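Residue strings, one per chain:
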Amino acid sequence: MWYLCYFYHRLLDYRRPEVEALTKLFGGSAKFEWKLPQHHHLDSPFHFIWLPSEYIASKVANRSILVKCMLELWGQGYSYEELKTSVQTFPEEYKLPYLGVESTFRIVVDTFGKVLSSDEQRERIESFSYIPFKGRVDLRNADNRFWLIETDDQFSNNGLPPTVQRTLFFGREVGGADRKLLPTFSLSNRKYLGPTAMDAEIAFLMANQALVQTGKLVYDPFVGTGSILVAASHFGAMTMGADIDIRVVRNGRGPDCNVWSNFKQYDLPLPISLIRADNNLPPWRGDLQEIFDAIICDPPYGVRAGGRKSGGRKLLKGVKGPYVIPEEKRKDHIPSTAPYSLVECVHDLLDVAARLLVMGGRLVFFYPVAVDEDAKDIFPDHKCFTLVSHSEQILSTRYSRCLLTMEKTARYTVDVSEMARKKHLEFRENHGMLTEESRENGTLRSKVFSPADNLEVSSGLSEMNIKSDKDWKPKYRSKYV
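Cut-offs applied
- Here the residue index of a chain counts from 1 through its sequence in written order.
- Given that the model is predicted, a residue must reach a pLDDT of at least 70 before its local features are reported, and side-chain atom pairs must reach 80 or more before they are shown or counted; all residues, however, enter totals for whole chains, interfaces and linings.
- The basis for the side-chain values is all heavy atoms of the structure; hydrogens and waters are excluded.
- Numbered from the N terminus, helices here are DSSP runs of H or I no shorter than four residues, and strands are runs of E no shorter than two.
- For every residue, the accessible area (1.4 Å probe, protein chains only) is compared with the maximum for its type, and the residue is labelled buried under 20%, exposed over 50%, or partly exposed between those bounds.
- Accessibility throughout is a Shrake-Rupley quantity obtained with a 1.4 Å probe, and a residue counts as covered only by protein chains that appear here.
- Any two residues whose heavy atoms approach within 4.5 Å at even a single point are treated as in contact.
- What a helix is expected to span follows from its residue count: subtract one and scale by 1.5 Å.
- Following DSSP output, two strands are said to pair if at least two bridges run between them.
- Between the N-to-C directions of two axes lies an angle of 0 to 180 degrees, each axis being a line fitted to C-alpha atoms and, for a helix, fitted only over the stretch in contact.
- The working definition used for a salt bridge is a side-chain nitrogen of Lys or Arg within 4 Å of a carboxyl oxygen of Asp or Glu.
- Here a cavity denotes grid points, spaced 1 Å and computed from the protein atoms alone, that fit a 1.4 Å probe unable to get out, and a pocket denotes an open set having protein on both sides within 12 Å along at least 5 of 7 lines; residues with an atom within 4 Å of a point are the lining.
- Grid points are joined across faces, edges and corners, and a volume is the space filled by probe spheres set on the points.
- Each residue is assigned to one of three groups, with Ala, Val, Leu, Ile, Met, Phe, Trp, Tyr, Cys and Pro labelled nonpolar, Asp, Glu, Lys and Arg labelled charged, and all others, Gly among them, labelled polar.
- Only the six-membered ring of Trp is used, alongside the rings of Phe and Tyr, when aromatic pairs are assigned; centres must lie within 6.5 Å, and planes under 30 degrees apart are stacked while those over 60 apart are edge-to-face, with the rest tilted.
- Orientation categories follow fixed angle ranges, with anything under 35 degrees roughly parallel, anything over 145 roughly antiparallel, 65 to 115 roughly perpendicular, and all other angles oblique.
- Here is how to tell: hold the view so the strands point away, follow the path from the first strand over the helix to the second, and if it runs clockwise the crossover is right-handed.

Within the protein one finds 17 helices and 16 strands. Here the protein holds 481 residues, and 49% of them are scored as buried. Taken as a whole, the protein presents about 23700 Å² of accessible surface, with 51% of it coming from carbon and sulfur.

This is the structure in structure tokens:
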């Protein structure tokens, strides 16, 4: 059946992939199909989706973060006369179960691109007198919620996605996102934070992309302050994390301000384990395979924090040989580290995921790209994975980060392992060259925030006769998109 999916107007590239992931989570291999209302742009918050059952539609909408509501559409039109005709022609067998005297109801009036006064809303609700509601109105806990959604026309929509004329939708709600999660898990209320703590909304989206649910085992190899694992744990998963900084995973800022305290704050199950581990030299046994259902992480790509790996510059250059830590210093010893290039970091991440993910398990992580690049051409590739989706989030006028969702579709074989080993040795031999190239080319952070870069972009905009950076992109794509 076709449903109207009414999205929150934010994180536009994340919306459809999230719904598709949740459809797989609750419907398995169930078929789905998208289409847009007539005259609507792809960035419009209104999308039609075909799903095999109301059960799946309800589960998807209720679990989602970006679906404002999912509606069984009773009618639509460009005027209230057209809407009335459309509602009256909707099959009675679909309407009657929700109009009985034993059920309560509420009509919610919502607008997109305009604002209605309370009197205007009341007038519109009263115009539905032609629908034979027999139950009583309940504004708090109605059994059935109906939505009237009204959009503005293209001449007064304040730069929002263009529609030819005003559109009206009326339907019965089958589900909608619980946005109360976001203020509850907001970073502003979090006990233990770091410079790379993941925003709660993005963390929940990543968990949805990874098909996290009760009983699944989720791993974050760059756990930091545990924001991603907190979201996964909320959805019932067992969690495990690792970080190269032993101070983070051991004590944080004290006994009441560490990764563990973030889980205790929300009464969530504690992680199975937090370990000090290096993504470049993973601690797992060689014969250990297929133990995690999902790996979700935000690799250090050099904007808020640079990547580090074990060894130190002298060790990696061969100037100094391996050494043994004296027994009396082992407890408080912090191992030396060296710069960890993005390309090497992602290679190691894919190799660990290919080995430790179960078949069908998902790897979800962020990857930086230049805005003017064809992202698909530079995404990392691996024999064991298939790219499911990518969602872009703009960091600056020239660089963005893409949320990549990859699914394991092939076994980790001896050949794949040998290729990874050779590549690892190649990276180790060329560490000095990679570090030098990084210095010459500049870090991603310097490219994102460089004043010279901003001047270059401004100059380019001037040549195109564009007055400001705000006019460079569609007005409806705000900084939150």
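Once the structure has been displayed, the description carries forward.
Checked against the element boundaries, Val346 lands in helix 12 (residues 342–356). As a C-alpha pair, Val346 and Phe365 span 19 residues in sequence and 9.6 Å in three-dimensional space. What Val346 contacts, discounting residues up to four positions off in sequence, is Phe365, Tyr367 and Pro380.

So, on to helix 1 (residues 15–27). Here helix 1 spans 18 Å end to end across 13 residues, near enough to the 18 Å set by a 1.5 Å rise per residue. Taken as a whole, helix 1 has its buried residues at Arg15, Pro17, Glu18, Val19, Ala21, Leu22, Thr23 and Leu25. After helix 1 finishes, the residue Gly28 shows a positive phi value of roughly 65 degrees.

This next bit is on the sheet that holds strand 2 (residues 33–35). Strand order in this open sheet of seven strands is 2-3-1-4-7-6-5, and the pairing throughout is mixed. A strand with exactly one partner marks an edge of an open sheet, and here the two such strands are strand 2 and strand 5 (105–112). Each strand axis lies, on average, 35 degrees off the axis of its neighbour in the sheet, ignoring direction. Pairing analysis gives four bridges linking strand 1 (residues 2–7) to strand 4 (residues 67–77), with the strands arranged antiparallel. The residue of strand 4 that forms the bridge with Phe7 is Val67. Its contacts with the sheet place helix 2 (residues 54–63) against strand 1, strand 4 and strand 7 (168–175), and it is angled at close to 90 degrees to strand 7.

Turning our attention to the pattern of salt bridges. Using the criterion set out here, one finds 19 salt bridges in the structure. Note that Glu201 is salt-bridged to Arg10, the shortest N-O span being 2.8 Å. Pair noted here: Glu201 is in helix 7 (residues 200–209) and Arg10 is in the loop between strand 1 and helix 1, with a separation of 191 residues, a long-range link. Glu201 sits in the buried class, given a relative accessible area of 6%. Taking the shortest distance from any N to any O, the salt bridge between Lys95 and Glu92 comes out at 3.3 Å. Residue Lys95 and its partner Glu92 are located together in helix 4 (residues 92–95), separated by three residues, close to a single helical turn. Lys95 sits in the buried class, given a relative accessible area of 7%.

This part is about helix 8 (residues 227–234). With respect to burial, helix 8 is a largely interior element, seven of its eight residues being buried. Residues of helix 8 that are buried: Ser227, Ile228, Leu229, Val230, Ala231, Ala232 and Ser233. Those residues of helix 8 hidden inside the fold are in contact with helix 7, strand 8 (217–220), strand 9 (238–243), helix 10 (259–265) and strand 11 (292–297). Trailing helix 8 by a residue or two, Gly236 shows a phi angle of about 100 degrees, which is positive.

A probe as big as a water molecule, rolled over the atoms, marks out the empty space that is left. With the rule as written, the count across this model stands at four cavities of 30 Å³ or more. Taken as a whole, the second largest cavity holds about 50 Å³ of empty space. Looking at the second largest cavity, the residues that line it are Tyr219, Pro221, Ala242, Ala277, Asp278, Asn279, Pro282, Pro283, Trp284 and Val352. Its residues assigned to classes, the lining of the second largest cavity shows eight nonpolar, one polar and one charged.

What follows deals with the packing of aromatic side chains. Applying the stated criterion across every chain yields a total of 20 aromatic pairs. Ring centres 5.1 Å apart and planes at 65 degrees place the aromatic pair Trp74 and Phe146 in the edge-to-face group. Taken as a pair, Trp74 in strand 4 and Phe146 in strand 6 (residues 144–151) lie far apart in primary sequence, 72 residues in all. Relative accessible area serves as the criterion here: at 1%, Trp74 is assigned to the buried category. Their ring planes at 5 degrees and their centres at 6.0 Å tell us that Phe146 and Phe170 sit as a pair that is stacked. Pair noted here: Phe146 is in strand 6 and Phe170 is in strand 7, with a separation of 24 residues, a long-range link. According to the relative accessible area criterion, Phe146 is buried, its value standing at 0%. Three or more aromatic residues joined by ring pairs form one cluster here, namely Trp74, Phe90, Tyr94, Phe105, Phe128, Tyr130, Phe133, Phe146 and Phe170.

Now for the packing of helix 1 against helix 7. For the pair helix 1 and helix 7, the least separation of the axes is 8 Å and the interaxial angle reads 45 degrees. With respect to helix 7, the axis of helix 1 lies oblique. The residues of helix 7 that touch helix 1, namely those facing Pro17, Glu18, Ala21 and Leu22, are Leu205, Asn208 and Gln209. For the contact of helix 1 with helix 7, a count of residues per class yields four nonpolar, two polar and one charged.

Glancing now at the pairing of strand 16 (residues 399–408). Within strand 16, 10 of the 10 residues are buried, leaving the element largely enclosed by the surrounding structure. The side-chain alternation of strand 16 yields two buried faces, one formed by Tyr399, Arg401, Leu403, Thr405 and Glu407 and the other by Ser400, Cys402, Leu404, Met406 and Lys408. Note that strand 14 (residues 357–370) and strand 16 share nine bridges and pair antiparallel. Paired with Tyr367 across the two strands is Cys402, which belongs to strand 16. Where strand 15 (residues 385–394) and strand 16 come together, nine bridges link them in antiparallel fashion. Its bridge partner being in strand 16, Ser391 is matched across the sheet by Leu403.

It is worth spelling out the pairing of strand 8 at this point. Judged by which residues are buried, strand 8 turns out to be covered on both faces: Leu217 and Tyr219 on one side and Val218 and Asp220 on the other are all buried. Note: strand 8 against strand 9, four bridges, orientation parallel. Residue pairing across strands places Tyr219 opposite Met240, the latter belonging to strand 9. On the question of chirality, the crossover connecting strand 8 to the parallel strand 9 by way of helix 8 is right-handed. As defined by bridge partners, strand 8 adjoins strand 11 across two bridges and the pair is classed as parallel. Opposite Val218, over in strand 11, you have Ala294 as the bridge partner.

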